[in-house]
Amino acid sequence: MAWMIESGWQYLISHFNDFQLACLGSFFLHESVFFLSGLPFIYLERAGWLSKYKIQGKNNSPAAQERCITRLLLYHFGVNLPVMIVSYPVFRFMGMRSSLPLPSWKVISTQILFYFILEDFVFYWGHRLLHTKWLYKHVHSVHHEYATPFGLTSEYAHPAEILFLGFATIVGPAITGPHLITLWLWMVVRVLETVEAHCGYHFPWSLSNFLPLYGGADFHDYHHRLLYTKSGNYSSTFIYMDRIFGTDKGYRKLKALKSSNDEAVNKKI
């Protein structure tokens, strides 16, 4: 397996230079993972499939879904791609490389774990700040246009928010200067996580059923349903910051109430 990965990587670095891989390659990988993981949830919603796992009963209109996709493409090409190009010298300066040998899985997993912890911390405070009155009205309200989120709404946001909260995602790699393959893996798992958190479905196989302190779709869907001053649940991936600062109390009370109601129904049966 390792030799296959190294052979594939050797092909990439032989045919493309560092700039092409780090900027254009990263952009292509992001777009592929994002749309391939997010688009199926649009079709699930339209077809009504797996509706018993849908968190909210409401659906988005096809026009609203198409408007989201159109604006996403505009934001991705008009904001994300330029940011990748502009930030390339910073990553190079901090030590990012694409050459062989590839880092060990121990190094990759340790760095990605660090990125998750740091991203959760930075994202939490940035997200709470976006829920202050002025910033919510002028910036963050764009993301909350979809009270019933679906996968692709995860990156539907005001350009200023894309830059603001995007910093939380790239600050870890910018500090450590990882190998490009580590950066790509981090980007893939981060995109898959945020799409899942916005997908609008809570499945029996959802990670939040198995990983302690993992937020997931049910946790984040609650955040979209409530008024911006009362929503809480500001965390990104893992919810330890909300637990520490008590900003998930409303969500936990709702879950406890639902659990007690379910128990009462089961007893009657």
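Scroll up to find the structure.
Given the structure is predicted, the values throughout are model-derived calculations rather than measurements.

Would you mind going over empty space enclosed by the protein with me for this structure?
Take a probe with the size of a water molecule and roll it over the atoms, and the empty space left behind shows itself. Throughout the structure, instances matching the rule amount to one cavity of 30 Å³ or more. The computed volume of the largest cavity comes to approximately 30 Å³. Taken together, Asp-18, Ala-22, Arg-92, Met-96, Arg-97, Ser-98 and Leu-180 make up the full set of residues lining the largest cavity. When its residues are assigned to classes, the lining of the largest cavity shows three nonpolar, one polar and three charged.

For this particular structure, what's the right way to read the packing of helix α3 (residues 62-93) against helix α6 (residues 159-176)?
In a pair of packed helices, the angle between the axes and the distance between the axes together describe the arrangement. Their axes nearest at 12 Å, the elements α3 and α6 cross at an angle of 35 degrees. Both α3 and α6 take part in a crossing whose hand is right-handed. Along the contact surface, α3 presents Tyr-75, Val-79, Asn-80, Val-83 and Phe-91, while α6 presents Pro-159, Ile-162, Leu-163, Ile-170, Pro-173 and Ala-174. The class makeup of the residues in the contact of α3 with α6 is 10 nonpolar, one polar and no charged.

Where do I start with helix α7 (residues 180-197) in this structure?
Helical geometry note: an α-helix holds 3.6 residues per turn, so side chains three or four residues apart project in the same direction. The terminal C-alpha atoms of α7 lie 26 Å apart, and with 18 residues this matches the ideal 26 Å at 1.5 Å per residue to within 8%. Within α7, 15 of the 18 residues are buried, which leaves the element mostly enclosed by the surrounding structure.

In this structure, what is going on with the layout of surface pockets? I would like to understand it.
Considering only enclosed or pocket space, the largest pocket measures out at about 1,000 Å³ in volume. In terms of lining, the largest pocket is formed by 44 residues, of which the most central are Asn-80, Ile-162, Gly-166, Thr-169 and Ile-170. When its residues are assigned to classes, the lining of the largest pocket shows 23 nonpolar, 16 polar and five charged. Each pocket or cavity is described by its volume, and for the second largest pocket that value is around 220 Å³. Together, Lys-52, Tyr-53, Ile-55, His-202, Asp-218, Tyr-222, Arg-225, Tyr-251, Leu-254, Lys-255 and Lys-258 line the second largest pocket. Among the secondary structure elements, those contributing two or more residues to the lining of the second largest pocket are α8 (216-225) and α10 (249-268).

Scoring rules and cut-offs
Residues numbered from 1 in each chain as written. Predicted model: local features only at pLDDT ≥ 70, side-chain atom pairs only at ≥ 80, totals over all residues. Heavy atoms only, no water. 1 Å grid on protein atoms, 1.4 Å probe; cavity = no way out; pocket = protein on both sides within 12 Å on 5 of 7 lines; lining within 4 Å. Points joined across faces, edges and corners; volume = space filled by probe spheres on them. Nonpolar A, V, L, I, M, F, W, Y, C, P; charged D, E, K, R; others polar. Axes fitted to C-alpha atoms, helices over the stretch in contact; angles between N-to-C directions. Helix = DSSP H or I, 4+ residues; strand = E, 2+ residues; numbered from the N terminus. Left-handed = near helix turned anticlockwise from the far one by under 90°. Contact = heavy atoms within 4.5 Å. Expected span 1.5 Å × (residues − 1). Buried < 20%, exposed > 50% of the residue type's maximum accessible area, 1.4 Å probe, protein only.

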